[in-house]
Amino acid sequence: MSETGLYSGLYGQIREYAELLDSVLIGLKRGTSSPDDESRRRLGNFLISLGSDRWSDLPTRLIATLVRDKADVEEREWSQAGNALLSSDVDAPLIELLEVLARSLEQEQAMAMARIRGSSR
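Below, the structure is looked at part by part. (Residues numbered from 1 in each chain as written. Predicted model: local features only at pLDDT ≥ 70, side-chain atom pairs only at ≥ 80, totals over all residues. Heavy atoms only, no water.)

### Digging into the pattern of salt bridges
Part 1 of the argument: In total, this model carries five salt bridges according to the counting rule given.
Part 2 of the argument: Glutamate 16 is the partner of arginine 42 in a salt bridge, and the nearest nitrogen-oxygen pair spans 3.1 Å. Of this pair, arginine 42 sits in helix α2 (residues 38-50) while glutamate 16 sits in helix α1 (residues 3-30), and the two are 26 residues apart along the sequence.
Part 3 of the argument: Since its relative accessible area comes to 37%, glutamate 16 is described here as partly exposed.
Part 4 of the argument: Here glutamate 74 makes a salt bridge to arginine 76, at a shortest N to O gap of 3.4 Å.
Part 5 of the argument: The partly exposed category is assigned to arginine 76, whose relative accessible area is 47%. (Salt bridge = Lys/Arg side-chain N within 4 Å of Asp/Glu carboxyl O. Helix = DSSP H or I, 4+ residues; strand = E, 2+ residues; numbered from the N terminus. Buried < 20%, exposed > 50% of the residue type's maximum accessible area, 1.4 Å probe, protein only.)

See below:
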């Protein structure tokens, strides 16, 4: 696999999680999100996996590693945030943590895009 293909795949995975996160954040801020929402459940499960050392797939493992390097958040905080999303226990600190994750994913997206551009030259 070429470097361009690798970074392109990574960019796609990061973008998918970033869009999921944005969707959930919007719902939480508007007060229209519920623990039964599919996107909220997906994000909750992803955050729980970020807080563990058992990842279900390679893209999740890679994103977990990247996010852990960027965000100054302890593993247990990710798990707690995921569990909170799966329940109705949403508060301001949870939203702040999700915004930290959103910024981290945005930075990783920009870096992956820069790598794509750099490796295609």
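Now that the structure is up, let's keep going.
### Focus on the nonpolar core
Part 1 of the argument: Ranked by internal contacts, the top residues of the largest apolar core, which has 30 residues, are Leu43, Leu47, Trp78, Leu98 and Leu105.
Part 2 of the argument: Secondary-structure elements contributing two or more residues to this core are α1, α2, α3 (58-70), α4 (75-86) and α5 (92-119).
Part 3 of the argument: No other element matches α1, which puts nine residues into this core.
Part 4 of the argument: Apart from residues lying up to four places away in sequence, tryptophan 78 is in contact with Leu47, Ile48, Leu50, Gly51, Val67, Ala71, Val73, Leu97 and Leu101. (Core = buried A, V, L, I, M, F, W, Y, C linked by side-chain atoms within 4.5 Å. Contact = heavy atoms within 4.5 Å.)

### Description of the packing of aromatic side chains
Part 1 of the argument: For the structure on display, the rule yields one aromatic pair.
Part 2 of the argument: Arranged with centres 4.0 Å apart and planes meeting at 20°, the rings of tyrosine 17 and phenylalanine 46 form a pair that is stacked. Here tyrosine 17, found in helix α1, pairs with phenylalanine 46, found in helix α2; they are 29 residues apart in sequence, far enough to count as distant.
Part 3 of the argument: For tyrosine 17, a relative accessible area of 10% gives the class buried. (Phe/Tyr/Trp six-rings, centres within 6.5 Å; stacked < 30°, edge-to-face > 60°.)

### Side note on the side chain of serine 49
Part 1 of the argument: The residue serine 49 is located in helix α2 in this model.
Part 2 of the argument: Given a relative accessible area of 12%, serine 49 falls into the buried group.
Part 3 of the argument: Among the polar contacts made by the side chain of serine 49, one reaches the main-chain carbonyl oxygen of phenylalanine 46 at a distance of 2.6 Å. (Polar contact = N/O pair within 3.5 Å; in protein donor to acceptor, adjacent residues only side chain to side chain.)

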